[in-house]
Structure formats: C-alpha cells, structure tokens
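In case you want the letters, here they are:
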Amino acid sequence: MTQVTILPHAGLCPTGRALDVRPGGLLSDALLDAGLDIEHACAGACACSTCHVIIREGFQSLQPASNKEEDRLEQAWGLTATSRLACQVLVTNEPLVIELPRYSLNHAREED
Ligand code: FES
C-alpha cells in the first residue's frame, strides 16, 4: 500500500488525513472511498477541472499528464506547477502528499 497524505483543508478535511492506497488505482477513487467529498463533476471523464489537487510531494513519481489533462488543468482555480486532476492520476508505489485547493471552478463560479 502507498501512503497518501492529505493536508488539512477547512471544509473537506480539517485536520488532514493519511490514507493507505493500493498502487495502480485512481487518486480520485481513493479520496472518495475514504469519504473525502471532493468534487468530480464529470465523473472522471477529464472534462472538467473540479477534481484538481496539488501534489506537494511525490509529483515526479507520477506518470505525466496527458495533453487533455493539461488542457483541463488550465481551467483549474489556483493552478500550480504540480497541479493534477485526481481522476487522471494513478497512484504508484511512491508516497504522495496532496493539497486540496481552497476552491474548485464550480465554487468560484457560484461566488461570482
Ligand atoms: Fe472531471 Fe476529474 S472529475 S476532470
């Protein structure tokens, strides 16, 4: 199992979490299975950017983002150089530390 550490997020995970995740699975599935209510508006079709996460440690261990994912990421709120879409990330044997962005595109739109 691979340890995935989620940094504290005010709404979704106030004290942070550490998950044991089976390598080869999708990061979004691991988060949802653990009860973290991340947004995933397109249900993993790489057609939104609501499942945006920031990989704070372990980014280099992941397979590169596809062109389609890169295109979607450009729409993500708070994009960083280590941003990924959780529904496109396969967990490897390397531990990850991830940050859930404060907002998703959906939330940003609601606040406009
Ligand atoms: Fe839509 Fe990940 S759930 S891109």
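Everything numeric here is computed off the predicted structure, so don't read it as measured data.

### A short note on the nonpolar core
Moving on, step 1. With 24 residues, the main nonpolar core has I6, L27, L31, V53 and I98 as its most contacted residues.
Moving on, step 2. If you list the elements that add at least two residues to this core, you get β1 (2–6), β2 (17–21), α1 (27–33), β3 (52–57) and β5 (96–99).
Moving on, step 3. Here this core takes three residues from α1, the largest share from any one element.
Moving on, step 4. Those residues within four positions of I98 in sequence are excluded, and the remaining contacts are V4, T5, I6, L7, L27, L31, V53, I54, I55 and R56.

### Thoughts on the pattern of salt bridges
Moving on, step 1. For the structure shown, the criterion picks out two salt bridges.
Moving on, step 2. A salt bridge links R56 to E99; its shortest N-O distance comes to 2.6 Å. Here R56 is found in strand β3, whereas its partner E99 is found in strand β5, with 43 residues between them in sequence.
Moving on, step 3. Look at R56 and you get partly exposed, because its relative accessible area is 43%.
Moving on, step 4. What makes E99 partly exposed here is its relative accessible area of 24%.
Moving on, step 5. Among the salt bridges present, the one from E69 reaches R84, with a minimum N-O distance of 2.8 Å. In this pair, E69 sits in helix α2 (residues 67–73) while R84 sits in strand β4 (residues 83–85), placing the two residues 15 residues apart along the sequence.

Parameters and conventions
- Residues numbered from 1 in each chain as written.
- Predicted model: local features only at pLDDT ≥ 70, side-chain atom pairs only at ≥ 80, totals over all residues.
- Heavy atoms only, no water.
- Core = buried A, V, L, I, M, F, W, Y, C linked by side-chain atoms within 4.5 Å.
- Buried < 20%, exposed > 50% of the residue type's maximum accessible area, 1.4 Å probe, protein only.
- Helix = DSSP H or I, 4+ residues; strand = E, 2+ residues; numbered from the N terminus.
- Contact = heavy atoms within 4.5 Å.
- Salt bridge = Lys/Arg side-chain N within 4 Å of Asp/Glu carboxyl O.

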